[in-house]
Amino acid sequence: MSLPPVLQDRLRLPVVASPMFLVSGPELVITQSAAGIVGSFPALNARPQSALREWLQHITEELAKHDADHPEAPSVPFAVNLIVHRTNSRLEEDLATVVEFKVPIIITSLGARADVDDAVHSYGGIALYDVISNRFARKAVDKGADGLIAVAAGAGGHAGTQSPFALLQEIRDWFGGPLLLSGPLAHGRSILAAQAAGADLAHIGSAFIATDEANAGDRYKQMIVDSTAADIVYSDLFTGVHGNYLRGSIEAAGLDPAALPGSDPSAMDFGNQDNTEAKAWRDIWGAGQGVGAVEAVLPAAAVVERLAGEYAEAKSRIQRM
């Protein structure tokens, strides 16, 4: 495995929790990192921008307390997600704040910028880039990415269209650095499958929406529990970029999931386009095709425990085979 040094000998499970817009917050990150996986959140979730400093202060203090109380099982470094698309007017301020706190891992989405990498590298942090194709993977590495997150078909949120196996294969043919797979991963055996296919780590989001610590409403959490892969709809209507959403939330907004119009990617934003009153992530809820593995709303630590048990069982099964 080509794990970055900051994660070597720290992970209980080879998992990075996906930074989920509006859903991931300090309590979820703290619980995830204390449970033995990389917790993460989008910087844009902290509103107003000044709240980002408060969030980072809270997370670092709580994880330091955990480490002092549990020296035998210290927390895992956490990550912050930065949207580097030109529509993100907060990027410069958010970047300055994460540099101030020396956030160990930065996950960038919707673009690649060398100045962001340089800022993260200035204090020894690492930058992981979301990519949906081999072409974008090469561009990200050329810009200075330390690792890649292959966002394949079936992933929650802004997902790509390529098979996880095909995307990992093409990237791994030339890239030997840290490689993560984001796809329909919500079960321990899927984590092992991602590693077998060439990834170092699994990037898991939807399973953590249905947790006590997630900043999601009860209806959203229950819809995750009640849904399967057949209930995931792929559309660019809501943000201008294709993403995966829960069918039930689209129907609740008065829209027909089978007849959604297209949108203009040049007008991408983080709320909604003019052709619908429903706002992405607030009313139209993102989720990946792996939701069928989620059977109950649980504490986040219990989800990590479930994944760890399933992962160990899958490894044992393969060894027996």
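Residues numbered from 1 in each chain as written. Predicted model: local features only at pLDDT ≥ 70, side-chain atom pairs only at ≥ 80, totals over all residues. Heavy atoms only, no water.

Chemist: In this structure, what is going on with the overall build of the protein chain? I would like to understand it.
Modeler: Helix and strand content of the protein chain: 10 helices and 10 strands. Since a compact globule built from 321 residues should have a radius of gyration of about 20 Å, the 18 Å found for the protein chain is in line with a globular shape. C-alpha extents for the protein chain along the principal axes are approximately 50 × 50 × 40 Å. Out of the 321 residues in the protein chain, the part that is buried amounts to 55%. Across the protein chain, contacts joining residues at least 24 apart in sequence account for 65% of those joining residues at least 6 apart. Per element, the accessible surface of the protein chain, about 13,400 Å² overall, is 51% carbon and sulfur. (Helix = DSSP H or I, 4+ residues; strand = E, 2+ residues; numbered from the N terminus. Rg over C-alpha atoms; globule rule 2.2 N^0.38 Å. Buried < 20%, exposed > 50% of the residue type's maximum accessible area, 1.4 Å probe, protein only. Contact = heavy atoms within 4.5 Å. Areas by Shrake-Rupley, 256 points an atom, 1.4 Å probe, with all protein chains shown as cover.)

Chemist: Could you clarify how one ought to interpret the pairing of strand E7 (residues 179-182) in this entry?
Modeler: The side chains of a regular strand alternate between the sheet's two faces. Burial of E7 is two-sided: the residues Leu179 and Leu181 facing one way and the residues Leu180 and Ser182 facing the other way are all buried. Each parallel crossover has a hand, and the one from strand E6 (residues 147-151) via helix H6 (residues 164-172) to E7 is right-handed. In terms of handedness, the path from E7 via helix H7 (residues 188-196) over to strand E8 (residues 201-204) forms a crossover that is right-handed. (Right-handed = clockwise from strand over helix to strand, strands pointing away.)

Chemist: Would you explain the packing of helix H1 (residues 26-35) against helix H2 (residues 51-69) in this entry?
Modeler: Between two packed helices, both the angle of their axes relative to each other and the distance between the axes serve to describe the pair. Axis separation between H1 and H2 bottoms out at 10 Å; the angle between their running directions is 30°. Here H1 lies roughly parallel to H2, going by the angle between them. Crossing geometry of H1 relative to H2 is assigned as right-handed. Contact with H1, carried on its side by Pro26, Glu27, Val29, Ile30, Ser33 and Ala34, involves Trp55, His58, Ile59, Glu62, Leu63 and His66 of H2 and no other residues of that element. (Axes fitted to C-alpha atoms, helices over the stretch in contact; angles between N-to-C directions. Parallel < 35°, antiparallel > 145°, perpendicular 65-115°, else oblique. Left-handed = near helix turned anticlockwise from the far one by under 90°.)

Chemist: Is there a simple way to think about the pattern of salt bridges in this case?
Modeler: Think of it this way: side chains of opposite charge can pair up when their charged atoms draw near. Counting across every chain of the model gives 9 salt bridges. In this structure, the salt-bridge partner of arginine 113 is glutamate 92, at a minimum N-O distance of 2.9 Å. Highlighted residues: arginine 113 in the loop between strand E4 (105-109) and helix H4 (114-121) and glutamate 92 in helix H3 (residues 91-100), separated in sequence by 21 residues. Its salt-bridge partner being arginine 113, residue aspartate 115 comes within 2.6 Å of it at the nearest N-O pair. Overall, the relative accessible area of 37% leaves aspartate 115 in the partly exposed class. Under the relative-accessibility criterion, arginine 113 is labelled partly exposed at 26%. (Salt bridge = Lys/Arg side-chain N within 4 Å of Asp/Glu carboxyl O.)

Chemist: When you look at the environment of proline 299 in this model, what are you seeing that I'm missing?
Modeler: Mapped onto the elements, proline 299 comes out in the loop between helix H9 (247-252) and helix H10 (300-320). Non-local contacts of proline 299, meaning those with residues more than four positions away in its chain, are made with Thr211, Asp212 and Glu213.

Chemist: Please explain the pairing of strand E10 (residues 243-246) as it appears in this structure.
Modeler: Of the two faces of E10, both are covered, the one formed by Gly243 and Tyr245 as well as the one formed by Asn244 and Leu246. Relative to E10, strand E9 (residues 232-235) runs antiparallel, the two sharing 4 bridges. Across the sheet, the residue bridging to isoleucine 232 is leucine 246, located in E10. (Pairing = 2+ DSSP bridges.)

Chemist: Explain the environment of serine 263 to me, please; I cannot follow it from the model alone.
Modeler: Following the sequence through the fold, serine 263 ends up in the loop between H9 and H10. A relative accessible area of 17% means that serine 263 is categorised as buried. Distance from serine 263 to phenylalanine 238, taken between C-alpha atoms, is 7.6 Å for residues 25 residues apart in sequence.

Chemist: When you look at H2 in this model, what are you seeing that I'm missing?
Modeler: Helical geometry: 3.6 residues make up each α-helical turn, so side chains three or four residues apart lie on a common side. Between the first and last C-alpha of H2 there are 27 Å, a value that for 19 residues agrees with the 27 Å anticipated at 1.5 Å per step. Residues of H2 that are buried in the fold lie against H1, strand E2 (40-42), strand E3 (79-83) and H3. (Expected span 1.5 Å × (residues − 1).)

Chemist: Looking at this structure, I do not really get the environment of alanine 229. What am I missing?
Modeler: Secondary-structure assignment places alanine 229 in the loop between helix H8 (218-226) and E9. For alanine 229, a relative accessible area of 38% translates into the label partly exposed. Each C-alpha atom of the pair alanine 229 and glycine 290 lies 6.3 Å from the other, and the pair is 61 residues apart in sequence. Every residue in contact with alanine 229, bar those within four places of it in the chain, is listed here: Gln289 and Val291.

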